[in-house]
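The lines below spell out each chain.
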Amino acid sequence: MIKIFADAEQLNRFAAEKFVEIAVEAVEKNGSCVVALAGGSTPKAFYQLLASEKYKNEIDWTKTIFFFGDERNVAPDSDESNFRMANENLFAPLKINDANIFRWQTELKDAKKIAGDYEDSIKAFFALFEKEFPKFDLILLGMGDDGHTASLFPHTEALREKDKIAVANPVGKLNTTRLTLTFPAINNARNVIFLVKGADKAATVRAVLQEDLQPEKFPSQAISPTNGELWWLIEKDAARFLQ
Ligand code: 6PG
């Protein structure tokens, strides 16, 4: 489902309503709502809105569990950290219990160890069998102007991972190793929501959604929940090339 919004404010409000709807249903059905958060800058205002007077009482935060779709290999208090951004704009304002937050333990420094430990924590939390993938109630994603999502960047090895849930992914162009959930883990979710804004992404949005399928070049094209709902929430400047 693609929805286009006049501005980021309206996009965030729709996303907040959707978040509430998914969370209330998940808690009613399964007793909890398990979310993987997006990083980057786009979701910041959305997290602030969720934590605002308008929405914060709509959700049972004691039954909401937070994971992260990806992370940079930096300290949790680094201004590059996706955990830090979520902590400052969502967890701290809502006083989320630490036990409800599963972050990538980047203080371990070694990317492969961080990813292996994170995969183990996901397997334990979801009580997964061998080769079983987690079923998140909601995975929030952003998209870079190169078509990456989470830390699944064009032409990187993580794009071809079919068995693991969480991996360390060397990203040559950033000269770093990122940490990310894999396509099979993301595509097993009940709901996936992309939040995309900014004129600089318009050409990529068009390529990803309306041009040839080239997931190595545009990894966001490979996000396709096998048995779940996919929402693209796009602010109008980022949607201006869509037919
Ligand atoms: C990250 C994100 C990444 C992000 C896109 C868009 O760790 O950076 O997970 O996938 O969603 O890069 O970033 P902006 O929202 O800052 O444009």
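Values in this document were obtained by computation on a predicted structure and should not be read as measured data. (Residues numbered from 1 in each chain as written. Predicted model: local features only at pLDDT ≥ 70, side-chain atom pairs only at ≥ 80, totals over all residues. Heavy atoms only, no water.)

Engineer: Sorry, what's going on with the packing of helix α2 (residues 43-50) against helix α3 (residues 82-94) here?
Structural biologist: Angle between the axes and distance between the axes are the two parameters that describe a pair of packed helices. Two elements in contact, α2 and α3, have axes separated by 8 Å at closest approach and are oriented at 30°. As summarised for this structure, α2 and α3 are arranged roughly parallel, according to the angle between their axes. Residues Pro43, Lys44, Tyr47, Gln48 and Leu50 of α2 lie in contact with α3, whose contacting residues are Met85, Ala86, Asn89 and Leu90. Here the contact of α2 with α3 is built from residues that sort into six nonpolar, two polar and one charged. (Axes fitted to C-alpha atoms, helices over the stretch in contact; angles between N-to-C directions. Helix = DSSP H or I, 4+ residues; strand = E, 2+ residues; numbered from the N terminus. Parallel < 35°, antiparallel > 145°, perpendicular 65-115°, else oblique. Contact = heavy atoms within 4.5 Å. Nonpolar A, V, L, I, M, F, W, Y, C, P; charged D, E, K, R; others polar.)

Engineer: Please explain the sheet that holds strand β1 (residues 2-5) as it appears in this structure.
Structural biologist: Sheet strands associate in pairs through backbone hydrogen bonding, adopting either a parallel or an antiparallel arrangement. Here six strands make up an open sheet; going across it, the order is β1-β9-β8-β5-β2-β3 and the pairing parallel. Across the chains shown, the open sheet's two edge strands, defined by having one partner strand only, are β1 and β3 (64-68). Averaged over neighbouring strand pairs, the angle between their axes works out to 20° when direction is ignored. Pairing between strand β5 (residues 138-141) and strand β8 (residues 191-196): three bridges, direction parallel. Bridging from a neighbouring strand, Ile139 pairs with Val192 of β8. Relative to the sheet, helix α4 (residues 111-126) contacts β2 (33-37) and β3, its axis offset from that of β3 by approximately 155°. Contacts from helix α6 (residues 202-210) reach β1, β8 and β9 (229-235), with the element oriented near 155° to β9. (Pairing = 2+ DSSP bridges.)

Engineer: Help me out: how do you make sense of the site of the ligand in this one?
Structural biologist: Ser41, Thr42, Asp70, Ala150 and Lys201 are the nearest of the 15 residues found near the ligand. In this structure, Asp70 approaches the ligand through a side-chain N or O atom, which is 2.6 Å from an oxygen atom. The fraction of the free accessible surface of the ligand (410 Å²) that becomes covered by protein chains is 88%. Of the residues that constitute the shell around the ligand, the class distribution is two nonpolar, nine polar and four charged. (Near = heavy atom within 4 Å. Polar contact = N/O pair within 3.5 Å; in protein donor to acceptor, adjacent residues only side chain to side chain. Areas by Shrake-Rupley, 256 points an atom, 1.4 Å probe, with all protein chains shown as cover.)

Engineer: Please clarify how the nonpolar core should be interpreted in this entry.
Structural biologist: Taken as a class, soluble globular proteins show a tendency for nonpolar side chains to be buried jointly. By size, the foremost hydrophobic cluster in this structure holds 81 residues, and its most contacted members are Leu37, Phe91 and Leu181. A per-element tally of this core places helix α1 (residues 8-30) first, with eight residues. The contacts of Leu181, once residues within four sequence positions are left out, are Ala36, Phe68, Gly69, Trp104, Tyr118, Ile122, Phe136, Leu152, Ile165, Ala166 and Ile186. (Core = buried A, V, L, I, M, F, W, Y, C linked by side-chain atoms within 4.5 Å. Buried < 20%, exposed > 50% of the residue type's maximum accessible area, 1.4 Å probe, protein only.)

Engineer: What should I look at first to understand the pairing of strand β7 (residues 176-181) in this one?
Structural biologist: Regular strands place side chains that alternate from one sheet face to the opposite one. Bridge count between strand β4 (residues 70-71) and β7: two bridges; the pairing is antiparallel. Residue pairing in the sheet places Asp70 in a bridge with Thr180 of β7. Linking strand β6 (residues 166-171) to β7, which pair antiparallel, is a turn of four residues; within it Asn175 sits at a positive phi near 55°.

Engineer: Honestly, the pattern of salt bridges in this entry has me stumped. Any pointers?
Structural biologist: Note that side chains of opposite charge can pair when their charged atoms are close. Under the defined criterion, the tally for this structure stands at 16 salt bridges. A salt bridge links Arg178 to Asp70; the shortest N-O distance between them is 3.7 Å. Residue Arg178 is found in strand β7, and its partner Asp70 is found in strand β4; the two are separated by 108 residues along the sequence. (Salt bridge = Lys/Arg side-chain N within 4 Å of Asp/Glu carboxyl O.)

Engineer: What's the story with the sheet that holds β6 in this structure? I'm lost.
Structural biologist: The three strands lie next to each other as β4-β7-β6, forming an open sheet whose pairing is antiparallel. Strand pairing shows two members of the sheet lacking a second neighbour, β4 and β6, which therefore form its edges. Across six bridges, the pairing between β6 and β7 is antiparallel. By the bridge assignment for β7, Pro170 is matched with Thr177.

Engineer: Explain the pairing of β5 here, please?
Structural biologist: Both faces of β5 are covered, namely the face carrying Leu138 and Leu140 and the face carrying Ile139 and Leu141. Of the strand pairs in this sheet, β2 and β5 are connected by two bridges, and their pairing is parallel. Counterpart to Val35 in the pairing with β5 is Leu138.

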